[in-house]
Amino acid sequence: MKVYVDDMLVKSTRATQHIDHLGKMFGVLRRYHMKLNPLKCAFGVRSGKFLGFLVSNRGIEANPKKIKALQDIRSLTKPKEVQRLTGCVAALNRFISKATDKCVPFFDALKGRVGVLLISPEGHKITSAVRFKFKASNNEAEYEALITGLRLANYLKIERLGIFSDSQLVVGQVKEEYQARGKKMGAYLRKVKEELIKFKSYEILKVPRVENTNADALAKLASSRDSEILGIVPIEELEWPTIEALTI
């Protein structure tokens, strides 16, 4: 097994402490038999980019490139362009109070959508897509996709299920490796558990996004204006989140 760590930063408030801090970091790496790529290492740096931000003796600052990208942005015409814009705004949220609140109209315009694909042991495929009429975060959309897939599998009388998701958070919470933080995540996790007990057995695994292209394609279809006309994949529209049960 190989584990890749994208970024590590050792920061010292005083230059005289830096060697000691580096020694401790190398001790941890040596203890766990981890290696670094010398070509990607830099030492004694007074300032530099880290995780999209500028880190210096003044602290963490916004990246001017992200600010310029917002200033120079043209009118948006595609969902991916809107997603890119909200990503830039989110990166600046640390420096601008409630910056992401300004993105609410963009989230509404995106109208969340997910795709579900069931594959039998013989290779037969059943596809479905869901379009949201409410605002949903990425994690909430992943949970909605999982719940939709579980309900579809239960409707088809499937008893044993293998679940594959590209959401590390959702998979980790269902496997109880991660804690579900917040009321919404907790409610979604409980709803998933309610669906899972209907199966004799199940296994849930995290897969790379590149291996989940079929579900992504279905999600894009659900957002297409021509999806109803094409009639290729059944598309369900959710008026409200599944965790908000109707009361009569």
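From a predicted model like this one, the values you see are computed outputs, not experimental measurements. (Residues numbered from 1 in each chain as written. Predicted model: local features only at pLDDT ≥ 70, side-chain atom pairs only at ≥ 80, totals over all residues. Heavy atoms only, no water.)

## Concerning the packing of aromatic side chains
Line of reasoning, step 1. In this structure the tally under the stated criterion is 3 aromatic pairs.
Line of reasoning, step 2. Ring geometry for Phe 26 and Phe 43: centres 6.3 Å apart, planes at 40°, overall tilted. Here Phe 26, found in helix α1 (residues 18-31), pairs with Phe 43, found in the loop between α1 and β1 (47-50); they are 17 residues apart in sequence, far enough to count as distant.
Line of reasoning, step 3. Here Phe 132 and Phe 134 contribute two aromatic rings whose centre-to-centre distance is 5.1 Å and whose plane-to-plane angle is 25°, an arrangement assigned as stacked. (Phe/Tyr/Trp six-rings, centres within 6.5 Å; stacked < 30°, edge-to-face > 60°. Helix = DSSP H or I, 4+ residues; strand = E, 2+ residues; numbered from the N terminus.)

## Description of the sheet that holds strand β4 (residues 113-119)
Line of reasoning, step 1. Within the open sheet, the 3 strands sit side by side as β4-β5-β8. Their pairing is mixed. The open sheet has two edge strands, β4 and β8 (235-238), and neither has a second partner. Pairs of neighbouring strands in the sheet enclose a mean axial angle of 25°, with direction left out of account.
Line of reasoning, step 2. Pairing geometry for strand β5 (residues 125-132) and β8, over 4 bridges, is parallel. Residue pairing for β8: Val 130 is matched across the bridge by Glu 236.
Line of reasoning, step 3. Here helix α5 (residues 138-155) sits on the sheet in contact with β4, β5 and β8, set at roughly 35° to β4. (Pairing = 2+ DSSP bridges. Axes fitted to C-alpha atoms, helices over the stretch in contact; angles between N-to-C directions. Contact = heavy atoms within 4.5 Å.)

## Some remarks on α5
Line of reasoning, step 1. If you check α5, its first and last C-alpha atoms are 26 Å apart, about what 18 residues at 1.5 Å a residue would give, namely 26 Å.
Line of reasoning, step 2. Residues of α5 that are buried include every one of Glu 140, Ala 141, Tyr 143, Glu 144, Ala 145, Leu 146, Ile 147, Thr 148, Gly 149, Leu 150, Leu 152 and Ala 153, and no others.
Line of reasoning, step 3. Just beyond α5, the residue with positive phi is Lys 157, at close to 65°. (Expected span 1.5 Å × (residues − 1). Buried < 20%, exposed > 50% of the residue type's maximum accessible area, 1.4 Å probe, protein only.)

## Considerations on the pairing of β4
Both faces of the sheet carry side chains from a regular strand, because those side chains alternate between them.
Line of reasoning, step 1. The buried count for β4 comes to 5 of 7 residues, which makes it a mostly enclosed element.
Line of reasoning, step 2. Relative to β5, β4 runs antiparallel, the two sharing 7 bridges. For Leu 118, the partnering residue across the bridge sits in β5 and is Ile 126.
Line of reasoning, step 3. If you look at the hairpin formed by β4 and β5, you'll find 5 residues sitting between the two strands, and Gly 123 has a positive phi there, around 95°.

The quantities given are spatial measurements derived from coordinates; they are silent on function.
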